[in-house]
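Chain by chain, the residues:
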Amino acid sequence: MIEAEKDVVNHMLSSLTTSVLQNRITPSDEQVMHHFGLACERAGLIATEEAAIRILKRVSREINKAKSMLEFIGHGMDRLQ
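Every value quoted in this text rests on a predicted model; they were computed, and no experiment measured them. (Residues numbered from 1 in each chain as written. Predicted model: local features only at pLDDT ≥ 70, side-chain atom pairs only at ≥ 80, totals over all residues. Heavy atoms only, no water.)

Moving on to helix H1 (residues 3-23). Residues spaced three or four apart along an α-helix point in a common direction, a consequence of the helix completing one turn every 3.6 residues. Look at H1: 30 Å from first C-alpha to last across 21 residues, which is about the 30 Å you get at 1.5 Å a residue. Within the sequence span of H1, burial applies to Glu5, Val8, Val9, His11, Met12, Ser15, Leu16 and Ser19. At the C-terminal side of H1, arginine 24 shows a positive phi close to 60 degrees. (Helix = DSSP H or I, 4+ residues; strand = E, 2+ residues; numbered from the N terminus. Expected span 1.5 Å × (residues − 1). Buried < 20%, exposed > 50% of the residue type's maximum accessible area, 1.4 Å probe, protein only.)

Okay, structure coming up:
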């Protein structure tokens, strides 16, 4: 993954997190693609189909990893109470 693609992933994760915290709902597919477009523009990347797939897969993996970690932490907090 090239540096510009990594920048897009980081920007998307940041903006999607902010969006979820502000709206308290999971973004729609259209909103995710909007964030993708903004992130590409910010990074100066004109994404090919292959690059888009790599970026979106990476974002998905990172979200799933964070979700698993939050669930793990949540289970630990239940035991402490």
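Right, let's talk about the environment of alanine 52 for a bit. If you trace the backbone, alanine 52 turns up in helix H3 (residues 49-80). On the basis of relative accessibility, which here comes to 15%, the residue alanine 52 falls in the buried class. Not counting the four nearest positions on each side in its chain, alanine 52 is found in contact with Phe36 and Ala47. (Contact = heavy atoms within 4.5 Å.)

Moving on: a nonpolar patch on the surface. On the surface, Met69, Leu70, Phe72 and Ile73 cluster together into a nonpolar patch covering about 450 Å² of accessible area. Inspection of the secondary structure puts leucine 70 in helix H3. What makes leucine 70 exposed here is its relative accessible area of 61%. (Patch = residues over 30% accessible without salt bridge, like charges linked within 9 Å, V, L, I, M, F, W, Y side chains within 5 Å. Areas by Shrake-Rupley, 256 points an atom, 1.4 Å probe, with all protein chains shown as cover. Salt bridge = Lys/Arg side-chain N within 4 Å of Asp/Glu carboxyl O.)

In globular proteins that are soluble, nonpolar side chains generally tend to be buried together. By size, the foremost hydrophobic cluster in this structure holds 11 residues: Val8, Val9, Met12, Leu16, Phe36, Ala39, Cys40, Leu45, Ala52, Ile55 and Val59. Those elements that place two or more of their residues in this core are H1, helix H2 (29-43) and H3. Sort the elements by how many residues they give to this core and H1 lands first, with 4 residues. (Core = buried A, V, L, I, M, F, W, Y, C linked by side-chain atoms within 4.5 Å.)

Another aspect to go through is the pattern of salt bridges. Pairs can form between side chains of opposite charge whenever their charged atoms are close. Counting across every chain of the model gives 3 salt bridges. Between arginine 54 and glutamate 5 there is a salt bridge whose closest N-O contact spans 2.6 Å. Remark: glutamate 5 occurs in helix H1 and arginine 54 occurs in helix H3; sequence separation between them is 49 residues. Judged by its relative accessible area of 38%, arginine 54 is partly exposed. The class for glutamate 5 is buried, based on a relative accessible area of 3%. Its salt-bridge partner being glutamate 62, residue arginine 58 comes within 3.3 Å of it at the nearest N-O pair. Pair noted here: arginine 58 and glutamate 62 are both in helix H3, with a separation of 4 residues, about one helical turn. Relative accessible area serves as the criterion here: at 28%, arginine 58 is assigned to the partly exposed category. Here the salt bridges share partners, and the residues they tie into one network are Arg58, Glu62 and Lys65.

Scope: geometric values only; no functional claims are made or implied.
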